[in-house]
Amino acid sequence: MTCVCGAGAGPLGECADYYHAILSEEQRDPGMWSWHAPVVCAYLLQHPADGHPRFLDTQYRWLQLLLDQGIDALVKVAAYQKARNRHGSRQGYDMAPFEKYDPLPADFPTRFRESFSGLPVADGSFVFDGHEAYGRRIGILAEATVEAFRSS
Ligand SMILES: [Zn+2]
């Protein structure tokens, strides 16, 4: 079985199984939360049929922001967007932090250097070797996603 992202299944199943397992582990482990946005963006960009097409452009820019400015900057922007939403802004997202990044290309890649089904899991956990190592792996996945779009 080959996934739409071009990857084969891993020990946990297909990419979707990995994605849902990560989201469910996040519920139990707040240490994983800072990487939530990159996980969601990378997954949906690699599996666009699972999300909403109109959000993909912003999701692509989130990953570029991560690669450009790092996870601490991304967490700050995410908190800012959330607070803005809470205050009942009708515009939703403030696109200013994302303006300098490339828009989503028209062509979707069908292959990525790194995939969700390739993420290591031990004893049912993605953070078996610590949050820092987990974050590094998600960063590499984000980088592989942007790289594939740039060369598509
Ligand atoms: Zn996949």
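Everything that follows concerns the structure shown earlier in this document.
Residues numbered from 1 in each chain as written. Predicted model: local features only at pLDDT ≥ 70, side-chain atom pairs only at ≥ 80, totals over all residues. Heavy atoms only, no water.

## As for the overall build of the protein
A tally of helices and strands in the protein yields five helices and zero strands. Across the protein, helices and strands are ordered from the amino to the carboxyl terminus as α-α-α-α-α. Relative to a compact globule of 152 residues, whose C-alpha radius of gyration would be 15 Å, the protein shows 15 Å and is just as compact. Projecting the C-alpha coordinates of the protein onto the three principal axes gives extents of approximately 45 × 35 × 25 Å. The buried share of the protein, reckoned over its 152 residues, is 44%. Within the protein, residue pairs in contact and separated by at least 24 positions form 68% of the contacts whose partners lie at least 6 positions apart. As displayed, the protein has an accessible area near 8400 Å², and 53% of this comes from carbon and sulfur atoms. Counting 14 positive and 19 negative side-chain charges, the protein places the centres of these two groups 7 Å from one another. (Helix = DSSP H or I, 4+ residues; strand = E, 2+ residues; numbered from the N terminus. Rg over C-alpha atoms; globule rule 2.2 N^0.38 Å. Buried < 20%, exposed > 50% of the residue type's maximum accessible area, 1.4 Å probe, protein only. Contact = heavy atoms within 4.5 Å. Areas by Shrake-Rupley, 256 points an atom, 1.4 Å probe, with all protein chains shown as cover. Lys, Arg positive; Asp, Glu negative; His and termini not counted. Charge placed at Lys NZ, Arg CZ, Asp CG, Glu CD.)

## Observations regarding the environment of F112
In this structure, F112 sits in the loop between α4 (71-86) and α5 (131-150). A C-alpha to C-alpha distance of 7.0 Å links F112 and G6, two positions 106 residues apart in sequence. If we ignore the near neighbours within four places in the chain, the residues touching F112 are C5, L45, Q46, A144, T145, A148 and F149.

## Quick notes on the environment of P38
Inspection of the secondary structure puts P38 in helix α2 (residues 36-46). Overall, the relative accessible area of 1% leaves P38 in the buried class. Not counting the four nearest positions on each side in its chain, P38 is found in contact with L63, L66, I71, L74 and I138.

## Some remarks on the environment of D17
Secondary-structure assignment places D17 in helix α1 (residues 15-28). For D17, a relative accessible area of 39% puts it in the partly exposed group. Each C-alpha atom, one on D17 and one on D107, is 26 Å from the other, the two residues being 90 residues apart in sequence.

## Structural notes on the side chain of S125
Within the secondary structure, S125 sits in the loop between α4 and α5. A distance of 3.5 Å separates the side chain of S125 from the backbone nitrogen of F128, its partner in a polar contact. Not counting residues up to four positions away in its chain, the partners in contact with S125 are E25 and P120. (Polar contact = N/O pair within 3.5 Å; in protein donor to acceptor, adjacent residues only side chain to side chain.)

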